[in-house]
Amino acid sequence: MDFPPYPSGLQLAGRRVVVVGGGSVAQRRVPQLIASGADVHVVSPGVTPAIEGLVGSGEITWHARGFEDADLDGAWYVVAATDERAVNDRVSTLCEDLRIFCVRSDDATQGSAWTPAVGRHAGVTVAVLGDRDPRRSVQVRDEILEGLREGVIAAPHHRDRTPGVTLVGGGPGDPELMTVAGRKALMEADVVVADRLAPRELLGELPADVELVDVAKLPRGRSAQQEEINRVIVDRALAGKRVVRFKGGDNFVFGRGYEEVLACRDAGVPVTVVPGLTSPVAVPAIAGIPVTHRGVTHEFAVVSGHLPPGHPESLVDYGALARMRGTIVLMMGVENAPAIAAALVDGGRPADTPVAVVCDGTMPTQRTVLARLGTLAERLAEERVRPPAIIVVGEVVRIAHPEAFDG
Ligand code: SAH
């Protein structure tokens, strides 16, 4: 009996599916059954905390006892996933009599159905059934999904062709740290409007016919530049193109993203947002510094330091920041860091508060300069720190670098 399996896409929405067993195998199968809309019943005296969570949220039904034959009444599909062979045997034998397809997690040859390695991309489900080599199936699935994501496997008719603007956050710089949704939007774009801090390596992967607008080359001056960006994205979208506005980090964190949303709305252009990993959280993390730590800080504030304290247009209350005990993450702050550090000390933050300056996060030139609030100005000068950098102020820096601050 060495026939290959017959692949089929089961429509399980609203249909009873019985999972016998509540351990790690069941835990891996249940989420995909839920995703397909199945009416999932788990039969097991005990279940893992993850399964219990799904019971708590009402997504599945749990029968907290051993298997009984009547559990199969009305079932369309059954997964036998206990660690007792005798129980799995009983389940699969009954299924055979009742003509219900049954997966056996312990011995695939004894079941009447196999679970493929499954993945989804852009509305396509990829399911790979290996010849009793699950690792290989998983590898093949991953290769296919990666090919689809990166456009190596061209499936042009699956490309979304609806015109409009998508704001895509590219994360802190390393292309690996971009979201799957962001990458997909980028690869489906007709026009990409990219910033200096967006992960530039990805732009090299764009199909040759994509128009790339480099914001760094647009006319200077902050507001003129933003007006020009708004005009470009709106015009291209009105001309029927799919436009991606591609920025570093997250477009809504000091990225003027919402100005672009408003410009699109005013022009009647559909606009969607794909969030990105934002640098004030991601860059410290990459450098091994947590922005919060149990028992150390219950808050972190992200602050733009592009204006010095006391500047008439500044919207930052440095007195309040100085009184706050938690972490301060300063962005765009290299130039004004000396004045900001002084304002924080004046406002009551101890001058020996640990500070870490993380430069060029995720880039090959990444480095961390350590200082204290009182020595920040001289440390920045000594180390010739240039933007982009994230400045982390607070006790979390000591947690990450005890050797530098204790003793
Ligand atoms: N929208 C972006 C922030 C844009 S403001 C985000 O969500 O991350 C630009 C500032 O972000 C820089 O001045 C610097 O403070 C910070 N920044 C962005 N990427 C960085 C990186 N890779 N390394 C260090 N700082 C970075």
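Per its UniProt entry, the protein chain bears the Catalytic activity (unreviewed entry) comment "precorrin-2 + NAD(+) = sirohydrochlorin + NADH + 2 H(+)". Comment text from UniProt for the protein chain, heading Pathway (unreviewed entry), reads "Porphyrin-containing compound metabolism; siroheme biosynthesis; sirohydrochlorin from precorrin-2: step 1/1."

What should I look at first to understand the pattern of salt bridges in this one?
Here the idea is simple: oppositely charged side chains can pair when their charged atoms come close. Under the defined criterion, the tally for this structure stands at 21 salt bridges. Across the pair Arg-245 and Asp-195 runs a salt bridge, and its minimum N-O distance is 2.8 Å. Taken as a pair, Arg-245 in strand β11 (residues 242-247) and Asp-195 in the loop between β9 (191-194) and β10 (211-214) lie far apart in primary sequence, 50 residues in all. Of the two residues examined, Arg-245 and Asp-195, each falls in the buried class. Connected through salt bridges with shared partners, the residues Asp-195, Arg-245, Lys-247 and Glu-260 form a single ionic network.

Whenever I open this one, a nonpolar patch on the surface confuses me. Can you help?
Taken together, the side chains of Phe-254, Val-281, Phe-300, Val-302 and Met-332 make up a nonpolar region of the molecular surface, amounting to roughly 400 Å² of accessible area. By the element assignment, Val-302 lies in strand β13 (residues 300-304).

Please clarify how the packing of helix α1 (residues 24-35) against helix α2 (residues 49-56) should be interpreted in this entry.
Describing two packed helices takes the angle between their axes plus the distance from one axis to the other. Their axes nearest at 9 Å, the elements α1 and α2 cross at an angle of 30°. Relative to α2, the element α1 is oriented roughly parallel. Helix-helix and strand crossings are classified by hand; for α1 and α2 the assignment is left-handed. In this structure, α1 uses Ala-26, Gln-27, Val-30 and Ile-34 to contact α2, whose residues at the interface are Ala-50, Ile-51 and Leu-54. Partitioned by chemical class, the residues of the contact of α1 with α2 number six nonpolar, one polar and no charged.

Can you help me understand the domain arrangement of the protein chain in this one?
For an interface, size is often stated in terms of accessible area lost upon the parts coming together. By the assigned domains, the protein chain splits into domain 1 (16-115), domain 2 (117-158), domain 3 (162-274) and domain 4 (281-405). Here the C-alpha centre of domain 3 lies 46 Å away from the C-alpha centre of domain 1.

For this particular structure, what's the right way to read the UniProt feature "active site" (unreviewed entry) in the protein chain?
Feature annotation in UniProt places "active site" (unreviewed entry) on Asp-195 and Lys-217, given in this structure's numbering. In three dimensions, the annotated residues from a span of 23 residues occupy one location, with a maximal C-alpha spread of 9.6 Å. Exposure remark for Asp-195: the relative accessible area of 15% places this residue in the buried category. Those residues in contact with Asp-195 that lie beyond four places of it in its chain are Arg-200, Val-215, Arg-245, Phe-246 and Lys-247. Tracing the chain through its elements places Lys-217 in the loop between β10 and α6 (222-238). The exposure class assigned to Lys-217 is exposed, which follows from its relative accessible area of 70%.

Any chance you could explain the site of the ligand here in plain terms?
Close to the ligand lie 20 residues; Asp-250, Val-253, Thr-278, Ser-279 and Ala-389 are nearest. Take Pro-172: an N or O atom from its main chain is 2.8 Å from a nitrogen atom of the ligand. Within the backbone of Gly-248, one N or O atom sits 3.2 Å away from a nitrogen atom of the ligand. Calculation on the ligand without its partners gives an accessible area of 540 Å², and the protein chains cover 93% of this total. Where the shell around the ligand is concerned, the elements lending two or more residues are α8 (279-286) and β17 (389-393). The dominant element in the shell around the ligand, judged by the number of residues it contributes, is α8, at three residues. Two domains each provide a minimum of three residues to the shell around the ligand, namely domain 3 (162-274) and domain 4 (281-405).

Parameters and conventions
- Residues numbered from 1 in each chain as written.
- Predicted model: local features only at pLDDT ≥ 70, side-chain atom pairs only at ≥ 80, totals over all residues.
- Heavy atoms only, no water.
- UniProt positions renumbered as here; feature names shortened; annotations may be inferred.
- Salt bridge = Lys/Arg side-chain N within 4 Å of Asp/Glu carboxyl O.
- Helix = DSSP H or I, 4+ residues; strand = E, 2+ residues; numbered from the N terminus.
- Buried < 20%, exposed > 50% of the residue type's maximum accessible area, 1.4 Å probe, protein only.
- Patch = residues over 30% accessible without salt bridge, like charges linked within 9 Å, V, L, I, M, F, W, Y side chains within 5 Å.
- Areas by Shrake-Rupley, 256 points an atom, 1.4 Å probe, with all protein chains shown as cover.
- Axes fitted to C-alpha atoms, helices over the stretch in contact; angles between N-to-C directions.
- Parallel < 35°, antiparallel > 145°, perpendicular 65-115°, else oblique.
- Left-handed = near helix turned anticlockwise from the far one by under 90°.
- Contact = heavy atoms within 4.5 Å.
- Nonpolar A, V, L, I, M, F, W, Y, C, P; charged D, E, K, R; others polar.
- Domains from an automatic or database assignment.
- Near = heavy atom within 4 Å.
- Polar contact = N/O pair within 3.5 Å; in protein donor to acceptor, adjacent residues only side chain to side chain.

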